[in-house]
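Inside the fold
As a plain string of letters, each chain reads:
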Amino acid sequence: MNAKRALFIGAGLLSFSILMPPAHSAEGASTAQNGKPVMITRFFTGPDGLTHAEEIDVKFAPGGGVYNLLSNSGAQIRRTPPGRENGYHTASRRQYVITLSGHAELVLSGGQTIQVGPGSIELAEDLTGKGHITRTVGTEDRVAILIPVSDHQ
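So, here's what we can say about the structure. Remember, predicted model here, so these are calculated numbers, not experimental data. (Residues numbered from 1 in each chain as written. Predicted model: local features only at pLDDT ≥ 70, side-chain atom pairs only at ≥ 80, totals over all residues. Heavy atoms only, no water.)

**Some points on the sheet that holds strand β9 (residues 132-137)**
Spatially, four strands are ordered β4-β9-β6-β7 in an open sheet, and the strand pairing comes out antiparallel. Looking along the sheet, the strands with just one partner apiece sit at the ends: β4 (85-89) and β7 (113-116). If you compare each strand with its neighbour and ignore which way they point, the axes differ by 15° on average. Both β4 and β9 contribute to a ladder of three bridges, which runs antiparallel. Each residue of the ladder has a partner; that of N86, found in β9, is T134. (Pairing = 2+ DSSP bridges. Helix = DSSP H or I, 4+ residues; strand = E, 2+ residues; numbered from the N terminus. Axes fitted to C-alpha atoms, helices over the stretch in contact; angles between N-to-C directions.)

If you want it as structure tokens, here you go:
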């Protein structure tokens, strides 16, 4: 029952954060009209068997809109304490990982380090090869929502 409740709360938080209108700032009309860019970091296994990363710029229609994620089922919320390190591993499934709170470092097999924190979105697709390291850094737990994606669109 607790897992179902956590999933329901996580889905609600995700829906709330997506549907919530952006706060207006004093930075001017240009920023308010265009909004802050939303990026997804996709990491994947390259032909060399190593994990690589690329940035996906989420495109919205002028004035707002919806960006359809890959089809998914079985979303989870995960909490990891500061100092936890998960050595080289591959993603257990294709999934979005959205950090709600806390911070982590993702170390790719080539040595590149990606810093993630609240609002970071990654698309984990490195299912084979050497994989990556995940470290929870800072002084607070990292809470992330994991949304698996299907191979069918």
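**Re the side chain of T136**
Mapped onto the secondary structure, T136 falls in strand β9. Here the side chain of T136 touches T80 through a polar contact of 2.8 Å, side chain to side chain. Once residues lying within four places of it in the same chain are set aside, the contact partners of T136 are T80, P81, P82, G83, R84, H103, A104 and R142. (Polar contact = N/O pair within 3.5 Å; in protein donor to acceptor, adjacent residues only side chain to side chain. Contact = heavy atoms within 4.5 Å.)

Interpretation note: all reported values are geometric properties and have no functional meaning in isolation.
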